[in-house]
There are 2 protein chains.
Amino acid sequence: MRMSINLNSNNNGFAERLTAKISELANPTVLGLDPMLEYVPANIRDYLSDRCSDQLLVAGMAITEFNRRLIDAVYDIIPAVKPQLAYYEQYGRPGMDAFYETCRYARTKGMLVIADGKRNDIGTTAAAYARAYLGETQLETESRAIAEVDALTINPYLGSDGIEPFLEQCSLHSKGVFILVRTSNPSAGDLQDLKLADGRLVYESVADMVHKWGSGRAGASGFGPVGAVVGATYPHQAAGLRDRLSEAIILVPGYGAQGATAADCAHNFTADGRGAIVNASRSLMLAYKKRELPPEAFDVACREEAIAMRQALQAAITNR
Amino acid sequence: MRMSINLNSNNNGFAERLTAKISELANPTVLGLDPMLEYVPANIRDYLSDRCSDQLLVAGMAITEFNRRLIDAVYDIIPAVKPQLAYYEQYGRPGMDAFYETCRYARTKGMLVIADGKRNDIGTTAAAYARAYLGETQLETESRAIAEVDALTINPYLGSDGIEPFLEQCSLHSKGVFILVRTSNPSAGDLQDLKLADGRLVYESVADMVHKWGSGRAGASGFGPVGAVVGATYPHQAAGLRDRLSEAIILVPGYGAQGATAADCAHNFTADGRGAIVNASRSLMLAYKKRELPPEAFDVACREEAIAMRQALQAAITNR
């Protein structure tokens, strides 16, 4: 009897790990960690302010603790977190400390980490971003991984040579990318919905590029390391993109605070209910408001809301 | 006699400060600071490695010292620096320390600072990036500016509500933005050159949006806070964009290491030789190679090359 080993199946790739984790928890949700200092309950902020006079350090430590408690509350029911880098960069060095520590901590709890940075640049600079988030940086005598993340969101405006350095690191280190196709914001259409001379819309042409960049890279799950961002706030567009992006896991922002429902998100899943992950940030981080709990119960409220969201998504996918 | 004060003239705005500084030094050059540890001469790296065992800290300190010496070498002949964030993010926290310190030091020497981050996201997140680089972050009882920069490069893919939060901070704090229109990389055309149904190319439609976003914001110089990035490697496209972007200062990448000449860059200037600033990164940082000087003379070589570049640009603008 011969053993058959398919070296191209990429079984430990990002898409395999993410789809396995979604399947294990029966929950295609990603917790967006977009913290503002004002979100952190006063008891945590006061504890830190009493012990440290530098308000920027207090902010960094406060959001680290806020994130840690959110992760503790949901790591057994949500497969991944998505820290949005802007919210950490606004707190400078202590903010970046909070970002790195949040990524590290989420992984110790078995969660996957999607860094939401929407980075891109020309080839040599894209390579530096790819090292910063997906690969390793060469130091004097050692190479070091800088951030403990599994995937990064990237922007397609610069074309293929702004994408390839990220794909190279995906191959080397089993990481993934999610490329912006159709975003969830009100003015997304300003550029993305312009009609091309060949009849496609700009976002459809980007979807075709994303499909091409990912082509031939899919693992046993049927999905590969090149994912796409498709907002849930435009379900009509999403329905057309699922087929166009057959090997891409779709990262779906817009649920909750931005107004999209579970039914709106359902269009991004394949017929067998796979291939997408729905982000919720404020609706989970600040669930205590909706659930009429005190701010100190933000973690308990987040878990309750996460369970409700999981049920809503499961029902919407089943009832299409 | 009545004093006439035009409150809308924005005389201390970013565009006024940059055009005045370019005029004062008769040099439309920006020094791109895109450091790699390997660019730093061995004598600096060895000095730091002998005193610190953490190689990541050594990298951060080494590039800070490298940048400081470059700034010391040219601050009286070059009006601005452009640190590219990817190169700092690849060195993690010590890298971000180097970024903040480089910005601060350049300003103490009277240079303007353009942070090259090509950031963008949906409105609420774009607001966080705008606070991080152009505005201030609200802490427990104080507001604090996080980075000492004058302008930031941003990406247009998300449309107007990914742009407005940056424009708001520009107005509040006299800052500027440079929005990607036509980039300098080989695959720039993948998306940017697609033909629209109305006959324009995608990058032309972005130029029209950039013009609209900047409209009515120009100061006494004729230019406003909303600038554009137009690569010098495609001089044919640049010639058409200068008229389309009448109130925008154009940031021109691609000179030197990427292959564009001074004559290629000249298309981005107005008929009277104003309204653009040309970036050079590797050709200035690593000028010692071309000038056959030892690596330790990188700062002297940078100054010599900067003077040659200034002369080449002046001649190319005059001789069009």
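Here's a quick rundown of the structure. Position labels on residues start from 1 in each chain and follow its written sequence. Each chain takes a letter, starting from A, and each ligand takes a number, starting from 1, following the order in which they are written. Where local features are concerned, this predicted model is filtered to residues with pLDDT of at least 70; where side-chain atom pairs are given and counted, the filter is 80 or more; whole-chain, interface and lining totals use all residues. Side-chain descriptors were evaluated using all non-hydrogen atoms of the structure, hydrogens and water having been removed beforehand.

1. A closer look at the sheet that holds strand β2 (residues 80-83) of chain A
In sheet architecture, strand pairing relies on hydrogen bonds along the backbone and comes in two forms, parallel and antiparallel. Residue and element names in this part refer to chain A. Going by this rule: By this definition, two strands are paired if DSSP reports at least two bridges between them. In DSSP terms, a helix is any run of H or I states spanning at least four residues, a strand is any run of E spanning at least two, and both are numbered starting from the N terminus. In this analysis, axes come from line fits to C-alpha atoms, helices being fitted only over the stretch in contact, and the angle between any two N-to-C directions falls in the range 0 to 180 degrees. We call two residues in contact when some of their heavy atoms are within 4.5 Å.
Here 8 strands make up a closed barrel; going around it, the order is β1-β2-β3-β6-β7-β8-β9-β10 and the pairing parallel. With strand direction ignored, the average angle separating the axes of adjacent strands in the sheet is 30°. Pairing of strand β8 (residues 226-230) with strand β9 (residues 250-252), which is carried by 2 bridges, proceeds in the parallel orientation. The residue bridging Val229 from the neighbouring strand is Leu251, located in β9. Of the strands in this sheet, β7 (176-182), β8 and β9 touch helix α10 (residues 235-244), which is tilted by about 135° from β7.

2. Focus on the pattern of salt bridges
Rule in force here: Every case where a carboxyl oxygen of Asp or Glu lies within 4 Å of a side-chain nitrogen of Lys or Arg is listed as a salt bridge. Think of it in three bands: with a 1.4 Å probe and only protein chains considered, a residue is buried below 20% of the maximum accessible area for its type, exposed above 50%, and partly exposed in between.
Across all of its chains, the model carries 52 salt bridges over all chains by this definition. Arg144 of chain A is paired through a salt bridge with Asp54 of chain B; the nearest N and O atoms lie 3.4 Å apart. In this pair, Arg144 of chain A sits in strand β5 (residues 143-144) while Asp54 of chain B sits in the loop between α2 (42-49) and α3 (55-74), so the two residues belong to two different chains. Residue classification places Arg144 of chain A among the partly exposed residues on the basis of a relative accessible area of 24%. The partner of Arg200 of chain B in a salt bridge is Asp198 of chain B, with the nearest N and O atoms 3.0 Å apart. Salt bridges here are not isolated pairs; linked through shared partners, they connect Asp198, Arg200, Glu204, Asp208 and Arg244 of chain A.

3. Description of the relation of the copies chain A and chain B
For clarity, the threshold we go by: When the copies are overlaid, the least-squares fit takes in C-alpha atoms only where the residue has pLDDT of at least 70 in both copies.
Overlaying chain A with chain B gives an RMSD of 0.0 Å, the required rotation being 180° about an axis along which the chain moves by 0.0 Å. Accordingly, the operation relating the two chain copies is best matched by a two-fold axis. Most of the interface of chain A is mirrored in chain B, where 99% of its interface residues again form contacts.

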